[in-house]
Amino acid sequence: MVIAPDFDSRPIISFQSVWKRYANGTEALKDVSLAVPEGDFIFLVGPSGAGKSTMVRLLIREEKPTRGRILVDGINLGPLPRRKLPHFRRKVGLVFQDFKLLPRLTVYENVAFALRVLGESRDAIERLVGDALETVGLANKGAKYPRELSGGEQQRVAIARALVPGPRLIVADEPTGNLDPATAWEIMQLFLRINASGSTVVMATHNREIVDLLRRRVVAIEDGRIVRDDRSGTYHEDLATSALRA
Amino acid sequence: MRIWRHLLFALSSAWQSFWRHVPVTGAGVLSITLILILGGASLLLGHAFSQVLDGYKQRVSVISVSVADQTPLTTVEDFEDQLRLQPEVLSVRFVSKEEELRRFSEDPRNQQLIEQIQGNPVPAKIEVKVGRLGDVKKIDTLARHWRGADRTDPTDYQGDFITNMLRLSSWLTIAGFGMLAVLTVASIVIVMNTIRTAVYHRRQEIEVMKLVGATEWFVRGPFVLEGVLTGLIAASLALGLLMLAYRPFVERFQSELFFVPLTYDPRFVSVLGPDLLAAGVLLGAMGSYIGVRRFVRI
């Protein structure tokens, strides 16, 4: 069952006239406004250097906005004190292009790591990790090390780790960037299932085929500005059929 | 329960990291051991020399005032009362001519001399004990102005000796503190570098920890504990070596430099032990805390 995004309630992500200028003077984002309702699936697309990764970094508060407000689940990220940052990060599941798995730990331990950080009990860890590995189709590979897995399997482990604390928001930065088309498609199916179960997914990607096939919401960024926001969009504007300008 | 689980995680991470990077942690342990040996040895030596100095101080903090023959006993008693009124004076004792002669003759170095003298040429004495070494001079001045004092040799005050001793004592204290400060800074820098190497090896793990919502203390804890472990092992090694070497060193010193009354004091070792272990733990914790501060910032 697919849960339709709730456009009427408070958005889980809200960018309000956000500007980001780095110390070297680069203007990475210019007056960006965006609202993402709970349960939405959104692609951030655009050329390299357009500002996609900056948006991701702002979303997980690796960076602070120079101007404007960013609200995630009602939390204003700009003035959020450092001591409250860990509690905020636990609300967001993160998936990266390079997987960021710990090579010394097994698949099970990598996924369990996210729960150990939270101080969960051994019983809870066993149950939740089992469920997460089941979800990503790696229930029988818990004892393997990342080096013994394919790229797609490693990304599944990273997704399981992002899912295991039960976040309502998943942020993925180029999650299929290192994968062949078939594996990338499998990973996308996984993200769709996660989204269908109620989690909001924000994905920065260069993968044109996937964006065009899935016809989900597409936010295109160029030169630090949102140039297109299509509810059922494609990678490039000329392919868009049912555009909803932001 | 959650705190207990975090502590267990930190302990097991610290333990694993310590043994996984043995070449680095081992070098750190050895360096800190050497520093703590230097620190411990300087404390032991400082203690031994302060015992020697205390002995000298005890002796020179008593000044003897020679009483001229024919001085009436009432004059002596008046002066004793005057001395007792001085706030620096701890005690005043009169030593008669007879008692002083007996003391003189009991000293083996005076045996030949005693056979040649007739009658009792030694004067009676007033022995004055003062609280602080620096106050002896005041009593000396007072005694020299007293009319009952022996004109040829009124007191046994050794001004230069006392001044030099006070100077030596304060220099030793300053040098001790200076050396301890240098050693402290050196150990902290060594622990910082040891822990930074561990941080470098575990940078990926730290990054993941931060991304999944670990608090700064959760990330820092294992490194601080690793520093504590490094300091504790180094302090134990240093203490063991010092305990083994202390007695033979003092005995060797006593046989070769017999004129310096250095003594072995087992009680001081029991005081030094906990201090050295605490210093190891503290240095390890401080070094690692400072070392990882920049890297664990979320």
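Please refer to the structure placed before this passage.
Since we're looking at a predicted model, the values are computed, not measured. (Residues numbered from 1 in each chain as written. Chains lettered and ligands numbered in written order. Predicted model: local features only at pLDDT ≥ 70, side-chain atom pairs only at ≥ 80, totals over all residues. Heavy atoms only, no water.)

Asker: Could you clarify how one ought to interpret the overall build of chain B in this entry?
Answerer: A tally of helices and strands in chain B yields ten helices and three strands. Residues counted as buried form 41% of the 298 residues belonging to chain B. Accessible surface for chain B amounts to roughly 16700 Å². Of this, 63% is attributable to carbon and sulfur atoms. (Helix = DSSP H or I, 4+ residues; strand = E, 2+ residues; numbered from the N terminus. Buried < 20%, exposed > 50% of the residue type's maximum accessible area, 1.4 Å probe, protein only. Areas by Shrake-Rupley, 256 points an atom, 1.4 Å probe, with all protein chains shown as cover.)

Asker: I keep staring at the sheet that holds strand 2 (residues 27-36) of chain A and nothing clicks. Help me out?
Answerer: Sheets are built from strands paired through backbone hydrogen bonds, the pairs being either parallel or antiparallel. Residue and element names in this part refer to chain A. One open sheet accounts for four strands, arranged 2-1-4-5; its pairing is antiparallel. Each of the sheet's edge strands pairs with one partner strand only, and the pair in question is strand 2 and strand 5 (75-76). Here strand 1 (residues 13-21) pairs with strand 4 (residues 67-72) via five bridges, running antiparallel. Bridging from a neighbouring strand, Trp19 pairs with Arg67 of strand 4. (Pairing = 2+ DSSP bridges.)

Asker: What is the right way to look at unusual backbone geometry in this model?
Answerer: Peptide bonds are, in most cases, trans, and in most cases residues other than glycine have a negative phi. Residue and element names in this part refer to chain A. Positive phi, close to 50 degrees, is recorded for Asp73, a residue that is not glycine. Structurally, the position occupied by Asp73 is in the loop between strand 4 and strand 5. Residue classification places Asp73 among the buried residues on the basis of a relative accessible area of 16%. If you check the backbone angles, Arg215 has positive phi at about 50 degrees while not being a glycine. Mapped onto the elements of the fold, Arg215 is located in the loop between helix 7 (208-214) and strand 9 (217-222).

Asker: Could you clarify how one ought to interpret the nonpolar core in this entry?
Answerer: Within the largest apolar cluster, 83 residues are counted, with the highest numbers of intra-cluster contacts made by Phe43(A), Ile159(A) and Phe191(A). Sort the elements by how many residues they give to this core and helix 9 (residues 216-256) of chain B lands first, with eleven residues. Residue contacts for Phe43(A): discarding those within four places in its chain leaves Met188(A), Met203(A), Thr205(A), Ile210(A), Val211(A), Leu214(A), Arg216(A), Arg217(A), Val218(A) and Val219(A). Residues Val18(A), Val36(A), Leu77(A) and Ile221(A) belong to the second largest nonpolar core, which totals 32 residues. (Core = buried A, V, L, I, M, F, W, Y, C linked by side-chain atoms within 4.5 Å. Contact = heavy atoms within 4.5 Å.)

Asker: Honestly, the interface of chain B and chain A in this entry has me stumped. Any pointers?
Answerer: Where the parts come together, the accessible area they lose is often given as the size of the interface. Taken together, the contact pairs 21 residues of chain B with 23 residues of chain A. Carbon and sulfur atoms supply 57% of the area buried between chain B and chain A, which totals about 2100 Å² over both sides. For the pair chain B and chain A, the interface holds three salt bridges. We note a salt bridge from Lys100(A) to Glu207(B), for which the minimum N-O separation is 2.9 Å. Put simply, chain B and chain A have ten residue pairs in polar contact (both at pLDDT 80 or more) between them. Secondary-structure elements contributing two or more residues to the side of chain B that touches chain A are helix 1 (2-20), helix 8 (203-211) and helix 9 of chain B. It is helix 8 of chain B that contributes the most residues to the side of chain B that touches chain A, seven residues altogether. (Buried area = accessible area lost by both parts, 1.4 Å probe. Salt bridge = Lys/Arg side-chain N within 4 Å of Asp/Glu carboxyl O. Polar contact = N/O pair within 3.5 Å; in protein donor to acceptor, adjacent residues only side chain to side chain.)

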